[in-house]
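Geometric and topological summary
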Amino acid sequence: MNLIDGVKTAELKVSSETKELSAFVKDKSKSLVDRLESFEDIINIEVGDTSMTRAKSLEREFDIRQLFIKYEGDNPSGTQKDRIAFAQVYDALRRGFSTISLATCGNYGVAVAVAADLAGLECIIAIPSSYHTERIKEMESLSANIIRLDGSYEDVVKKVSEMAMEEEWYDANPGGANTPLQIASYAQIATEIVDDLGDAPEYCAVPVSNGTLLAGIYRGFASLYKRGKTSKIPKMIAASSTRKNPIIQSFKKGLDHCQDLQPEKVKETKYNEPLINWHSFDGDEALYALNQSKGEAFNISDKKMRDMSTLLLKKEGLRILPASTAGLIALLELNETMNFEPNRFVAVLTAKY
């Protein structure tokens, strides 16, 4: 299977200030407290505070008022995954690990490789044998050690987690003990949206795979609302590849827990791979967010994602990975059905193309 997963290979660049801070972080003669402070500075310089712009051309095209795009492609590796990758590397550094490990099909591996390289940690990345991603070149250029393991992505996560326990590596895989850290990292997106808008939007649309991103953004909005920083919690919209994500299917069945799909029925394509799973590691948290916010869930076809990626380039000048447009498509489809009153609507676009 020759899948082109994720963002296209490009030279990864960081600021000269970040390079200087990285040299300090790698210097083990310095105190851990000072090294951690320098890595925090790297995070503050490079990660988050991504752009949010009003998509006026799309507003005219789809007859919707005040549509905003939160563009996560501004992060160092070109995806939202940098937010959790840098948080995990910081945690590994704080706890004295010299090696960090994970399973990936592309984007998360590059994000962790970038952060680990800046922190001076060895990075071991396991990739399913059947996957072929252009991003391997980037991982290797960042001195990551690539290992191939048989089985699905979910199988490889389990295997590399077992290896991490045996070898005393830091396990950066999704789910389990890492869920709170990753959800907290993604919650910052909600804070950035409110900072830009002055309040929470009516709807916030997000593409989903493991569910961590949607759960984190919802948690961020909920926290802001409880602290009196917003007037409402947005209705969350989840979108993924048609009938290939358990979060979407479980929501449509009215379930209060995320039910696994049958692995043999989940087929990858070069467009849907970043979205599909038979098991979503943080699916229960994402389903909770949808139910609590009175949100909606949508199945989106490869063709719609491909066409929207082309339209975004033409109308807004944005090169967006097709899978990253799923939430935006869902929001626009909901508008067709409900004919929204003028309000503020946000779609999170997770990766550049």
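As a reminder, the structure under discussion sits directly above these lines.
Treat the numbers as computed from the prediction; the structure is a model and nothing was measured.

Observations concerning the layout of surface pockets
It is the rolling of a water-molecule-sized probe over the atoms that shows where space remains empty. Put simply, the largest pocket is a space of about 720 Å³. The wall of the largest pocket is formed by 42 residues, among which Ser209, Glu273, Pro274, Leu275 and Ile276 lie closest to the centre. Elements that contribute at least two residues to the lining of the largest pocket include exactly α4 (81-94), α5 (107-119), α7 (153-167), α8 (179-197) and α9 (212-226). In terms of residue count, the dominant contributor to the lining of the largest pocket is α9 (three residues). A class-by-class count of the residues in the lining of the largest pocket yields 22 nonpolar, 15 polar and five charged.

Examining the pairing of strand β8 (residues 235-241)
Of all seven residues in β8, six are buried; the element is thus mostly enclosed. Pairing of strand β7 (residues 203-207) with β8 involves five bridges; the strand directions are parallel. Within the sheet, the bridge partner assigned to Val206 lies in β8 and is Ala238. Taken together, β7, α9 and β8 constitute a β-α-β crossover, and its handedness is right-handed. Here five bridges tie β8 to strand β9 (residues 296-300), and the two strands are oriented parallel to one another. Directly across from Ala239, in β9, lies its bridge partner Phe298.

Some points on the sheet that holds strand β6 (residues 170-171)
The strands that make up a sheet are held in pairs by hydrogen bonds between backbone atoms, and each pair lies either parallel or antiparallel. What the four strands build is an open sheet, ordered β5-β4-β3-β6; its pairing is parallel. Of all the strands in the sheet, the pair left with one neighbour each is β5 (145-149) and β6. α5 contacts β3 (99-103) and β4 (122-128) of the sheet and is inclined by roughly 170° relative to β3. Strands β3, β4, β5 and β6 of the sheet are contacted by α7, whose axis makes an angle of about 160° with β3.

Topic: the side chain of Ser185
Take Ser185: it is sitting in helix α8. For Ser185, a relative accessible area of 14% gives the class buried. At 2.9 Å, the side chain of Ser185 and the backbone oxygen of Leu181 are in polar contact. The residues touching Ser185, leaving out its near neighbours within four places in the chain, are Arg83, Ile84 and Ala87.

What about the pattern of salt bridges?
The tally for this structure, following the rule as stated, stands at 12 salt bridges. Where Glu192 meets Lys70, a salt bridge forms, and the shortest distance between an N and an O atom there is 2.8 Å. Note that Glu192 is positioned in helix α8 and Lys70 in strand β2 (residues 67-71), a separation of 122 residues in sequence. The exposure class assigned to Lys70 is buried, which follows from its relative accessible area of 0%. Arg83 is the salt-bridge partner of Glu72, the closest N and O atoms lying 2.6 Å from each other. You can see Glu72 sitting in the loop between β2 and α4 and its partner Arg83 sitting in helix α4, a full 11 residues away along the chain. The pair Glu72 / Arg83 is uniform in exposure class, with both members buried.

Considering the packing of helix α1 (residues 16-26) against α5
It is the contact of α1 with α5, at a shortest axis distance of 7 Å, that shows an interaxial angle of 65°. In terms of orientation, α1 lies roughly perpendicular with respect to α5. Counted together, Thr18, Ser22, Val25 and Lys26 of α1 and Asp117, Leu118 and Ala119 of α5 form the full contact between these two elements. Split by residue class, the contact of α1 with α5 holds three nonpolar, two polar and two charged.

Regarding unusual backbone geometry
Its identity as a non-glycine residue notwithstanding, Gln66 has a phi of 55°, on the positive side. Within the secondary structure, Gln66 sits in the loop between α3 (56-62) and β2. A positive phi angle is found at Ser143, which is not glycine, with a value near 70°. With respect to the secondary-structure elements, Ser143 resides in the loop between α6 (136-141) and β5.

Quick look at the environment of Lys304
On the secondary structure map, Lys304 appears in helix α12 (residues 302-316). Put simply, Lys304 and Ala323 are 19 residues apart on the chain and 9.6 Å apart in space, counted from C-alpha to C-alpha. Aside from chain neighbours lying at most four places away, what touches Lys304 is Ile329 and Glu333.

Regarding the packing of aromatic side chains
Summed over the entire model, instances satisfying the criterion amount to eight aromatic pairs. The interplanar angle of 15° and the centroid separation of 4.7 Å between the aromatic rings of Phe340 and Phe345 together place this pair among those described as stacked. Assessed through its relative accessible area of 1%, Phe345 is described here as buried. By way of ring pairs, the aromatic residues Phe39, Phe86 and Tyr90 are connected into one cluster. Note that Arg306 overlies the ring of Tyr271, its terminal NZ or CZ placed 5.3 Å from the centroid.

How each quantity is defined
- Residues numbered from 1 in each chain as written.
- Predicted model: local features only at pLDDT ≥ 70, side-chain atom pairs only at ≥ 80, totals over all residues.
- Heavy atoms only, no water.
- 1 Å grid on protein atoms, 1.4 Å probe; cavity = no way out; pocket = protein on both sides within 12 Å on 5 of 7 lines; lining within 4 Å.
- Points joined across faces, edges and corners; volume = space filled by probe spheres on them.
- Helix = DSSP H or I, 4+ residues; strand = E, 2+ residues; numbered from the N terminus.
- Nonpolar A, V, L, I, M, F, W, Y, C, P; charged D, E, K, R; others polar.
- Buried < 20%, exposed > 50% of the residue type's maximum accessible area, 1.4 Å probe, protein only.
- Pairing = 2+ DSSP bridges.
- Right-handed = clockwise from strand over helix to strand, strands pointing away.
- Contact = heavy atoms within 4.5 Å.
- Axes fitted to C-alpha atoms, helices over the stretch in contact; angles between N-to-C directions.
- Polar contact = N/O pair within 3.5 Å; in protein donor to acceptor, adjacent residues only side chain to side chain.
- Salt bridge = Lys/Arg side-chain N within 4 Å of Asp/Glu carboxyl O.
- Parallel < 35°, antiparallel > 145°, perpendicular 65-115°, else oblique.
- Phe/Tyr/Trp six-rings, centres within 6.5 Å; stacked < 30°, edge-to-face > 60°.
- Lys NZ or Arg CZ within 6 Å of the ring centre and 35° of its normal.

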